[in-house]
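The chain contents come next:
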Amino acid sequence: MEKQWSTIFSAHGEKEKITLFGKQESDENWVYRKSIGDISDGEEVSSWEVALQQLEDYPWYTWAPQEVHPAFGKKVYRAVKEKLNTDVEENVNNLVSWAKRCFSEHESEIVTLAVWLQHAKHTTVLTGAGMSTESGIPDFRSKGGIWRDVDPQYVASVDALNDNYDMFHEFYTTRMNALTDVNPHRGHEILAEWEKEGLVQAVATQNIDGLHFKAGSKNVFELHGTIHRLHCDNCLKETTMEQFFKKEACSKCGGKLRPSIVLFGEMLPEDSWSASFNHIQQSDLVVVIGTSLQVHPVNRLPEMTEGKTVYINLESNGGHFDLVINGKAGEVLIQVDEVLKQM
Ligand code: NAD
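These numbers come from a predicted model, not from an experiment.

**Student:** Describe in detail the packing of aromatic side chains, supporting the description with residues and values.
**Tutor:** Counting across every chain of the model gives 14 aromatic pairs. With centroids separated by 6.0 Å and ring planes inclined at 80 degrees, the aromatic side chains of Phe9 and Trp98 adopt a geometry described as edge-to-face. Taken as a pair, Phe9 in strand S1 (residues 6-12) and Trp98 in helix H3 (residues 89-102) lie far apart in primary sequence, 89 residues in all. For the residue pair Phe9 and Trp98, the accessibility class agrees, reading buried in each case. Between Tyr32 and Phe72, the ring centres sit 6.2 Å apart and the planes meet at 90 degrees, which makes this aromatic pair edge-to-face. Residue Tyr32 is located in strand S3 (residues 30-36), and its partner Phe72 is located in the loop between strand S5 (64-68) and helix H2 (73-83); the two are separated by 40 residues in the primary sequence. Taking relative accessible area as the criterion, Phe72 reaches 4% and is therefore assigned buried. Every member of this aromatic cluster is reached through a ring pair, and the members are Phe9, Trp60, Tyr61 and Trp98.

**Student:** Help me get a handle on the sheet that holds strand S14 (residues 323-326), residues and values and all.
**Tutor:** Note: strands within a sheet are paired through backbone hydrogen bonds, in either parallel or antiparallel orientation. Read from one edge of the open sheet, six strands run S8-S7-S6-S12-S13-S14, paired in parallel fashion. A single partner strand is all that each edge strand has here, and the edge strands are strand S8 (220-222) and S14. With strand direction ignored, the average angle separating the axes of adjacent strands in the sheet is 15 degrees. The pairing of strand S13 (residues 308-313) with S14 spans four bridges and is parallel. The residue bridging Ile312 from the neighbouring strand is Ile325, located in S14.

**Student:** Which residues make up unusual backbone geometry, and what values go with them?
**Tutor:** Along the chain, His296 connects to Pro297 via a cis peptide bond; the corresponding omega equals 0 degrees. Looking at the element boundaries, Pro297 is found in the loop between strand S12 (285-289) and S13. Backbone geometry places Leu293, a non-glycine residue, at a positive phi of 55 degrees. Along the chain, Leu293 turns up in the loop between S12 and S13.

**Student:** Now, about the nonpolar core: what can you tell me, with residues and values included?
**Tutor:** Phe9, Trp60 and Trp194 are the most contacted members of the largest nonpolar core, which has 59 residues in total. Ranked by residues supplied to this core, first place goes to helix H4 (residues 105-119) with seven residues. Core analysis: the next-biggest nonpolar cluster, separate from the first, contains 22 residues, Met176, Leu211, Leu257 and Ile261 among them.

The rules behind each value
Residues numbered from 1 in each chain as written. Predicted model: local features only at pLDDT ≥ 70, side-chain atom pairs only at ≥ 80, totals over all residues. Heavy atoms only, no water. Phe/Tyr/Trp six-rings, centres within 6.5 Å; stacked < 30°, edge-to-face > 60°. Helix = DSSP H or I, 4+ residues; strand = E, 2+ residues; numbered from the N terminus. Buried < 20%, exposed > 50% of the residue type's maximum accessible area, 1.4 Å probe, protein only. Pairing = 2+ DSSP bridges. Axes fitted to C-alpha atoms, helices over the stretch in contact; angles between N-to-C directions. Core = buried A, V, L, I, M, F, W, Y, C linked by side-chain atoms within 4.5 Å.

Okay, here's the thing in structure tokens:
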């Protein structure tokens, strides 16, 4: 039985419409013919390149895509990308519209983020505990987070430090031991590579594990401090992990030793906060990764940009983002990086 013509792609301009039809011959090769408006061109061509050349007189790639054949998604997207001058903001939006038609929902989200990253002038990444779970560090709030039996708002607090130092000390001894031998995963490395390539200008993180620095990112702002430094809560003298593990008092004033992290009930470090704030304000793209956005005031940062916002997380948080990608941080970053390498 003779195979039917199918739409390979169609696009609408302000007044015009173009459709490229295709039909698979018995030898499995495709033949193509075009239709401008409702007038179908009888001429059949047997090469993809020639079929595209025949559309040369029409700027179809700047038009709104209507339909793309699933088997031709990549081919059509490549053709649009080659034609569009994406130095123009409107054309970046157009490329994203084509990506949405050319790929599956998840693929099109990945391609959209890659396109935005490539065309943004200033990108800030904001990360939370979900960025590090693939390195084996549990987060606080997901179902599998090991702190589900403990209230972090209490143990990681000024009250616990002042009134229940034994519990505070035990909690942070366990955390420090757990964080000593961890390594960044590929997602951390990709963010560091994007910084070198000029695709990312800053990483603001709520994580205290130091993994962004360990992966090679340089412009990192640790909004909640770091577990790799310790000091006396009273006189601020720096101390060592060994002294803390031995539960010693401060050698200078006898005060309580603690990690240099921000406890619930404390202010954020002014320098990291204002640097993160400034970066986010001047960003035209903010990518938020692996945070439940429940901890104040960091959860306000994504609203402080006029640029595009992206949320990569295992679960949706119902916030207002221009793009939400549900998935594991590392896996999503690897997928976006693969698309960027093909661009
Ligand atoms: P959170 O635990 O409240 O939220 C983590 C979010 O990440 C959740 O929404 C979860 O669904 C998501 N998530 C988990 N694994 C993921 C993955 N592989 N990919 C994508 N998303 C994933 O963490 P938070 O919002 O960062 O706030 C908690 C506070 O706890 C922060 O202040 C942080 O300092 C601290 N904390 C830090 C670490 C760390 O340094 N690694 C770990 C736990 C908690």
